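Listed below are the residues making up each chain.
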Amino acid sequence: MTDALTFLKTRRSRPAKILTAPVPDRDALEALLCVAARTPDHGKLEPWRFIVLEQAALRRLGALARNLAEAAVSEVVDADKASQQFETGQLAVVVVASPKPCDKFPQIEQTYSAGAVCLSLLNAALASSWGANWLSGWASHNRDFCTEGLALAPHEHVAGIVHIGTGPAQMPDRPRPNVAALTQWIHE
């Protein structure tokens, strides 16, 4: 397991805006999705699902994000930033948080599980030598975008959008958190 720990200690996302083709084919992507689905999931509820966005779908969503951002009157939105990941993306997987009715496992735990799926998918792609980046952004939180563009049900929301493609083999590291400053030890 030292290889896995070495990977986790040194993993680095590749910015979505620099990812290019080729992208994983359907079989390769399905294998990554299977890895992502092996995530903590209290009660085995599967409170998430996947939407694979190929290039034409990304472009359609880019236009929708741009139109919605330009029409937003109650908030300041940068239309270029809101649409960029869709206008330039090659392949992306939307991880949809889709909580199930359950008294035993609250919705927040189901949402955490969807976030874990995002990280598992990101790491699976990176470990498979693909470039990958986990994004969200204004559009992913906009209800009209989620309903019209992704056909999400009212109880669903976007946990993350994982872009996958070809990126540089190495990326410079970025500053990392000071774990000692963020950690509290309780002795009694």
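The structure we're discussing is the one just above.
Residues numbered from 1 in each chain as written. Predicted model: local features only at pLDDT ≥ 70, side-chain atom pairs only at ≥ 80, totals over all residues. Heavy atoms only, no water.

A.B. asks: Looking at this structure, how should I read the sheet that holds strand β2 (residues 92–97)?
C.D. replies: In spatial order, the strands read β1-β2-β4-β3; together these 4 strands make up an open sheet with antiparallel pairing. Since the sheet does not close on itself, it has two edges, and those belong to β1 (48–53) and β3 (131–135), each with one partner. Sheet twist, expressed as the mean angle between neighbouring strand axes with direction ignored, is 20 degrees. With 6 bridges connecting them, β1 and β2 associate as antiparallel partners. When the bridges of β2 are listed, L53 appears paired with A92. Contacting β1, β2 and β4 (157–165), helix α3 (residues 55–71) crosses the sheet at an angle of about 95 degrees to β1. (Pairing = 2+ DSSP bridges. Helix = DSSP H or I, 4+ residues; strand = E, 2+ residues; numbered from the N terminus. Axes fitted to C-alpha atoms, helices over the stretch in contact; angles between N-to-C directions. Contact = heavy atoms within 4.5 Å.)

A.B. asks: I would appreciate a short explanation of helix α7 (residues 143–150) in the present structure.
C.D. replies: Every α-helical turn comprises 3.6 residues, leaving residues that sit three or four positions apart pointing alike. Of all the residues in α7, the buried ones are F145, C146, G149 and L150. Along the axis of α7, the buried positions cluster into a sector of 100 degrees, meaning they face one direction only. Looking at the buried side of α7, the elements it contacts are β1, α3, α4 (79–88), β2, α6 (138–141) and β4. (Buried < 20%, exposed > 50% of the residue type's maximum accessible area, 1.4 Å probe, protein only. Arc of directions from axis to C-beta.)

A.B. asks: What is the right way to look at the pattern of salt bridges in this model?
C.D. replies: A side chain of one charge can pair with a side chain of the opposite charge if their charged atoms are brought near each other. Within the structure shown, the criterion is met by 6 salt bridges. Residue R66 is joined to E70 by a salt bridge in which the shortest nitrogen-to-oxygen separation is 3.9 Å. Placement of both R66 and E70 in helix α3 is noted, with a separation of 4 residues, approximately one turn of the helix. Residue class for R66 comes out partly exposed when judged on its relative accessible area of 22%. Across the pair R66 and E87 runs a salt bridge, and its minimum N-O distance is 2.9 Å. Placement of the pair is R66 in helix α3 and E87 in helix α4, with a sequence separation of 21 residues. Of the residues examined, E87 reaches a relative accessible area of 29% and is grouped as partly exposed. One continuous salt-bridge network, built from bridges that share partners, spans R66, E70, D80 and E87. (Salt bridge = Lys/Arg side-chain N within 4 Å of Asp/Glu carboxyl O.)

A.B. asks: I'm lost on α4 in this one. Help?
C.D. replies: Turning to α4, its buried residues are A79, A82, S83, Q85 and F86. Along the axis of α4, the buried positions cluster into a sector of 160 degrees, meaning they face one direction only. Against the buried residues of α4 lie α3, β3, α6, α7 and β4. Where α4 starts, the residue carrying a side-chain oxygen 2.9 Å from the main-chain nitrogen of D80 turns out to be D78. (Polar contact = N/O pair within 3.5 Å; in protein donor to acceptor, adjacent residues only side chain to side chain.)

A.B. asks: What should I look at first to understand the pairing of β2 in this one?
C.D. replies: With respect to burial, β2 is a largely interior element, 6 of its 6 residues being buried. Of the pairings in the sheet, the one linking β2 to β4 comprises 6 bridges and is antiparallel in character. Across the sheet, residue V96 finds its bridge partner in β4, namely V158.

Purely spatial values, then, with no claim about function.
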